[in-house]
Amino acid sequence: MSKVNIHGAEYPISKVFCDDFFFEVPLYQRPYAWTTEHAGELLEDLITFMDDGKRDVEELNPYFLGSIVLIKSDKPESQIVDGQQRLTTLTILLSALRATMQKSYAKKLTYFIYQEGNEITGTPNRYRLTIRERDNDFFKKYVQDEDGIESVLDINSAKLSDSQRNIVENSILYLDTLKKLSESDRLRLVQFIVNRCFLVVVSTPDLDSAYRIFSVLNDRGLDLSHTDILKAEVIGKISVPQQESYTKKWEDIEEQLGRELFQELFVHIRTIHRKVKLQDTILKEFRQYVKPAADPQHFINDVLIPNAEAFDIIKHASYPGNGAEEINNNLKWLNWIDNYDWIPPAITYLSLNGNRHRDFEKFLVYLERLAAGLMIQRANINKRNERYAKLLIAIENEEDLYTADSPLQLDNKERKDILKILNGDIYTIQKIRRYVLLRLDSALSEGEASYKFSETTIEHVLPQNPSPDSIWVQWFPNDKERLEYTHKIGNLVLLSTKKNIQAQNKDFNWKKEKYFITREKISPFVLTTQVIQEKDWTAEVIERRQKDLIKILKATWKL
């Protein structure tokens, strides 16, 4: 085994941003992710640490900025394994200081941002930090080049990628904060950063050892996610001429989904391959069961891309082409389920059968039925995982999913249990009541209702605690009988506003005229409109309504 040299030393910022290092963010690294929260905390810490300004900067205690890990030989070129967030943010801060200081100081600050070229020798400016290729020109123009950072104020950040938006917003934050300081305080801050702020720089010429070092260091910045580490491993196994194109494929998917959903996608891909609940870290099990680095091109082309496309459609209910309306309507309902264990089967089925829209639509009808049924029964995660694992196997084996014994179907006992729950005190089951009532309302409207209200609440028609002198007590003189009806589906309505505690115990006619309708004198919910049409609200009315509504749910979910 060849010996790997590891070098570690503490450097002031003046020795970090100098000719000894030219930092580069490798293709496989994640985008710039520090938000104004992280950047603001750094600057506040620095300003606070300088104390009241009575001591000379040389007498101040050193400020430790953490550690960075590099792949570096004896040449200045340094690939950043860990630390790009801090190095990028420090560059933004130095640029903002340059823009807010006198020209004589600003010129000297340029040295820490780039090595000036020489027209006589024909050498161009060489930047101390080169970030990801898709962001680097933007970073040079608006941060590193002189006078660039002030123009960020004119940028429409809505059109930018997340990383570029972070660059802009952190630049604006620093400019605004620094302009509030006096010139002497800004100079003192520069001196403090350059001379009394330190980084521990750990370098090794080997990628594997660099990542082992990273894993045991206490990092101040955002932790690398499992997708960042897998990206390094996968892209690193691809030949150098192809790395750029495959990095672009990877990052295009990450940017389209967003970082959070992109990480969730890898959880679902693991489940598709492993088919049991996570028993170790996602990173370890992904390596063991998906094996992305074994054939990296195959993983990106045939696993990551098709699964990402399917996942994007599923999460955003954005199926294109024929049958889109019905398919996307079913996807919207599935996305309201209180867990996402149903997603791996949906991804698998869409990846294999997505071009057959009628088959996919039928599958989603039954998948929503199954997911809703398991949710209503409050099936725990182990039962859900076991059921969906069987469904994954059935899909992959191209089994008939519509036979009675298919894992996609509810058996007789499950259907009876679901009906029993729906016929019971549904309001007391907080986890399912809203979903059931919205699903019921949609069925009553024959799918024409659209639910985009900022507030959707559930209200009792017959109140839980009626006043002794109210009409409710006349209609329900027996407390036991009244309690039997209170929390049933037949006594519940949906409102598009917040609950009004004072209105809950009002008489029936008042509720109909003032509480159950909007300013336009209608209700957006069919479930509620039906109640408004009733003259009285007696036990007989609730019983009739209960029977009718359960019949609708039986038909909707084929119970």
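Owing to the predicted nature of the structure, the values given are computational and were not obtained by experimental measurement. (Residues numbered from 1 in each chain as written. Predicted model: local features only at pLDDT ≥ 70, side-chain atom pairs only at ≥ 80, totals over all residues. Heavy atoms only, no water.)

Student: Explain helix α6 (residues 162-179) here, please?
Tutor: Two residues of an α-helix separated by three or four positions point the same way, owing to the 3.6 residues in each turn. Taking 1.5 Å as the rise per residue, α6 with 18 residues should run 26 Å; its terminal C-alpha atoms sit 26 Å apart, in good agreement. Residues Ser 163, Gln 164, Asn 166, Ile 167, Val 168, Asn 170, Ser 171, Tyr 174, Leu 175 and Leu 178 constitute the buried set of α6. On its buried side, α6 packs onto α2 (36-49), α3 (84-100), α5 (133-144) and α7 (183-196). (Helix = DSSP H or I, 4+ residues; strand = E, 2+ residues; numbered from the N terminus. Expected span 1.5 Å × (residues − 1). Buried < 20%, exposed > 50% of the residue type's maximum accessible area, 1.4 Å probe, protein only. Contact = heavy atoms within 4.5 Å.)

Student: Help me understand the nonpolar core, please; the structure alone is not making it clear to me.
Tutor: Membership of the largest hydrophobic core comes to 83 residues, with the highest contact counts inside it found for Phe 299, Trp 342, Leu 367 and Leu 422. Counting residues per element, this core draws most heavily on helix α16 (residues 357-376), at eleven residues. Once you skip the residues sitting within four places of it in the chain, Phe 299 turns out to touch Val 234, Trp 250, Phe 266, Phe 286, Val 290, Pro 292 and Leu 304. Tyr 127, Tyr 142, Leu 189 and Cys 197 belong to the second largest nonpolar core, which has 56 residues in total. (Core = buried A, V, L, I, M, F, W, Y, C linked by side-chain atoms within 4.5 Å.)

Student: Would you explain the confidence of the model for the protein chain in this entry?
Tutor: Any residue range with low pLDDT should be treated as having predicted coordinates unsuitable for detailed reading. On average, the protein chain scores 86 in pLDDT, and the residues at 70 or more come to 89%. Here residues 217-222 is a poorly scored stretch, pLDDT under 50, and it has 19 contacts once near neighbours within four places are set aside; other chains count. (pLDDT = per-residue confidence, 0-100.)

Student: What exactly am I supposed to notice about the environment of Ser 351 here?
Tutor: For Ser 351, the position within the fold is in helix α15 (residues 343-353). Taking the C-alpha atoms as reference, Ser 351 lies 6.4 Å from Pro 306; in sequence the two are 45 residues apart. Reaching out from Ser 351, the side chain makes a polar contact with the backbone oxygen of Ile 347 at a distance of 2.8 Å. (Polar contact = N/O pair within 3.5 Å; in protein donor to acceptor, adjacent residues only side chain to side chain.)

Student: Whenever I open this one, the packing of aromatic side chains confuses me. Can you help?
Tutor: Aromatic rings in a pair are described by how distant their centres are and how their planes are angled relative to each other. Tallied over the full model, the rule gives 24 aromatic pairs. The interplanar angle of 65° and the centroid separation of 5.3 Å between the aromatic rings of Tyr 366 and Tyr 402 together place this pair among those described as edge-to-face. Within this pair, whereas Tyr 366 is found in helix α16, its partner Tyr 402 is found in the loop between α17 (381-396) and α18 (412-422), the two being separated by 36 residues in sequence. Note on Tyr 366: relative accessible area 17%, which makes it buried. By relative accessible area, which is 29% here, Tyr 402 ends up partly exposed. Put simply, the rings of Trp 250, Phe 262, Phe 266, Phe 286 and Phe 299 pair up and form one aromatic cluster. Across the ring face of Phe 22, the terminal group of Arg 126 is positioned such that the distance to the ring centre comes to 3.8 Å. Note that Arg 128 overlies the ring of Tyr 111, its terminal NZ or CZ placed 4.6 Å from the centroid. (Phe/Tyr/Trp six-rings, centres within 6.5 Å; stacked < 30°, edge-to-face > 60°. Lys NZ or Arg CZ within 6 Å of the ring centre and 35° of its normal.)

Student: Help me out: how do you make sense of the environment of Leu 553 in this one?
Tutor: Structurally, Leu 553 is set in helix α24 (residues 539-556). In this structure the C-alpha to C-alpha distance between Leu 553 and Val 436, which are 117 residues apart in sequence, comes to 8.7 Å. Those residues within four positions of Leu 553 in sequence are excluded, and the remaining contacts are Leu 422, Val 436, Leu 440, Ile 489, Lys 558 and Leu 559.

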